[in-house]
Amino acid sequence: MPLDFQQPFTERTPRVVNAGKLKRAQARRKAKAFLAEGENAVEAAVATGAATDLFVTEDAAERFEEIVRAAGYMDVYTHAITDKAADALADAVTSTGIFAVCRPVLWTVPKIMKGRPKLVAVCVETNDPGNAGTIIRIADAVGADAVIFAGDTVDPESPKVVRSTAGTLFHIPVARDRDVRRVIGQLEDTGLSTFATTMNGEVNLAAPGEALAQPTAWLFGNEAHGLSDDILAAADHRVSIPIQGSAESLNLATAASICLWESSKTLSEE
């Protein structure tokens, strides 16, 4: 059915208003839905069946014609919207004009563990949406089995995180559990060795020996404070990344990419 851009939804149309509310965590919990924005995220949401509604401006409908057509094949309700409606839905500074309301896609930790994962990224108390989304994207790129957000973290289904994942949120299992200790216990019960990143670890990532040649869960800490002493003590290994230059430390997502790459490289050689 062709879109009607003669009478598009405006920023005051109830469906648009309700979709815009999904930028808030409380509204997402109440509606059991979240909002994806931009070409990559919306395309993945449609392709995986997570999208229930598509909102698109006239210009975006032309630019992303394949996504709109695919949404029709997937029986996704597709709505024409004005540019002002797109601005109301947008979280990005510059709107791409295409949005999808999605069903929740987060897994539970026990469901992830049933798959007997060999490589898992665990974001502990991670607060920055950009870092969170980038780590999900990195984990997917290196072939990790899952990403878990443990403790008081950013919501993986918040607009900024979804956009930062560039669609990979819909392809790799992602879970969230506020009890860090419970998460670590579930990892260990499944046979995963836990590796905590820290400035002064007894394991040097440049020469980890046989440490990474086993199912591994990486614990990445808060951007400002790292991992707490009790979490460091609870981990099986504490790992430091050698820095050759004068930089004092690495960005969280950068450190995660190095660790996950080293693990994936080692596991692939097994």
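The structure this text deals with has already been given above.
The written sequence of each chain sets the order in which its residues are numbered from 1. Thresholds applied to this predicted model are a pLDDT of at least 70 for local features of residues and 80 or more for the giving and counting of side-chain atom pairs; totals over whole chains, interfaces and linings are not thresholded and use all residues. For the side-chain quantities, the full set of heavy atoms in the structure was used; hydrogens and water were omitted.

Enquirer: Any details on the environment of Glu37? Residues and values, ideally.
Expert: Checked against the element boundaries, Glu37 lands in strand S1 (residues 34–37). Accessibility expressed as a relative area gives 8% for Glu37, which makes it buried. Along the chain, Glu37 and Lys118 lie 81 residues apart, while their C-alpha atoms are 31 Å from each other. Apart from the residues within four sequence positions on either side, Glu37 is in contact with Val42, Leu89, Ala90, Asp91, Ala92, Ser95, Ile98, Phe99 and Arg163. Engagement of the side chain of Glu37 in a polar contact is seen with the backbone nitrogen of Asp91, the distance being 2.9 Å. Helix and strand definitions follow DSSP, with helices as H or I runs of at least four residues and strands as E runs of at least two, each counted in order from the N terminus. Relative accessible area decides the class of each residue, using a 1.4 Å probe on protein chains only: under 20% of the type maximum gives buried, over 50% gives exposed, and in between gives partly exposed. When checking whether two residues touch, look at their non-hydrogen atoms; a contact exists if any pair is within 4.5 Å. Within 3.5 Å is the distance limit for a polar contact, defined as a pair of N or O atoms, with the added protein rule that one can donate a hydrogen and the other accept it, and that residues adjacent in sequence qualify only through two side-chain atoms.

Enquirer: Give a description of the pattern of salt bridges that names residues and reports values.
Expert: Think of it this way: side chains of opposite charge can pair up when their charged atoms draw near. The salt bridge definition used is simple: a Lys or Arg side-chain nitrogen within 4 Å of an Asp or Glu carboxyl oxygen. Under the counting rule described, the total for this entry stands at 14 salt bridges. The salt bridge partner of Arg163 is Asp91, with a shortest N-O separation of 3.1 Å. Residue Arg163 is located in helix H9 (residues 159–164), and its partner Asp91 is located in the loop between helix H6 (83–89) and strand S4 (98–102); the two are separated by 72 residues in the primary sequence. Residue classification places Asp91 among the partly exposed residues on the basis of a relative accessible area of 23%. The residue Arg181 makes a salt bridge to Asp230 at a minimum N-O spacing of 3.8 Å. Of the two residues, Arg181 is situated in helix H10 (residues 180–189) and Asp230 in helix H11 (residues 229–234); the sequence distance between them amounts to 49 residues. Among the ionic contacts, a cluster of salt bridges with common partners joins Glu37, Asp91, Lys160 and Arg163.

Enquirer: With reference to specific residues and values, describe the pairing of strand S7 (residues 174–177).
Expert: Only when DSSP finds a minimum of two bridges between them are two strands counted as paired. Pairing of strand S6 (residues 146–150) with S7 involves 4 bridges; the strand directions are parallel. Residue pairing across strands places Val147 opposite Val174, the latter belonging to S7.

Enquirer: Describe unusual backbone geometry, with residues and values.
Expert: Positive phi outside glycine occurs at Asp75, with the angle close to 60°. Relative to the elements of secondary structure, Asp75 occurs in the loop between helix H5 (65–73) and strand S3 (77–80). For Asp75, a relative accessible area of 65% translates into the label exposed.

Enquirer: Outline the nonpolar core, listing residues and values.
Expert: Think of a nonpolar core as a cluster: buried Ala, Val, Leu, Ile, Met, Phe, Trp, Tyr and Cys residues, connected wherever their side-chain atoms sit within 4.5 Å. Counting 53 residues, the largest nonpolar core has Leu54, Val147, Phe170 and Trp218 as the members making the most contacts within it. If we skip the residues at most four places from it in the chain, Leu54 touches Val42, Val46, Val68, Ala71, Val76, Tyr77, Thr78, His79, Ile98, Phe99 and Ala100. Listed in part, the 22 residues of the second largest apolar core include Val120, Val122, Leu192 and Ala196.

Enquirer: Which residues make up the sheet that holds strand S5 (residues 119–124), and what are the values?
Expert: The 7 strands lie next to each other as S7-S6-S5-S10-S8-S11-S9, forming an open sheet whose pairing is parallel. The open sheet is flanked by S7 and strand S9 (203–204), the only strands paired with a single partner.

Enquirer: Any chance you could break down the sheet that holds S4 for me, citing the residues and the numbers?
Expert: Strand order in the open sheet formed by 4 strands is S1-S4-S2-S3, with mixed pairing between adjacent strands. Strands with a single pairing partner mark the edges of an open sheet, and in this sheet they are S1 and S3. Sheet twist, expressed as the mean angle between neighbouring strand axes with direction ignored, is 20°. In this structure, strand S2 (residues 51–56) lies alongside S3, joined through 4 bridges in parallel fashion. Looking across to S3, one finds that Leu54 is bridged to Thr78. Axis definition: a line fitted to C-alpha atoms, limited for helices to the stretch in contact. Angles are taken between N-to-C directions and run from 0 to 180 degrees. Packing of helix H3 (residues 39–47) onto the sheet brings it into contact with S1, S2 and S4, and relative to S4 it is tilted by some 40°.

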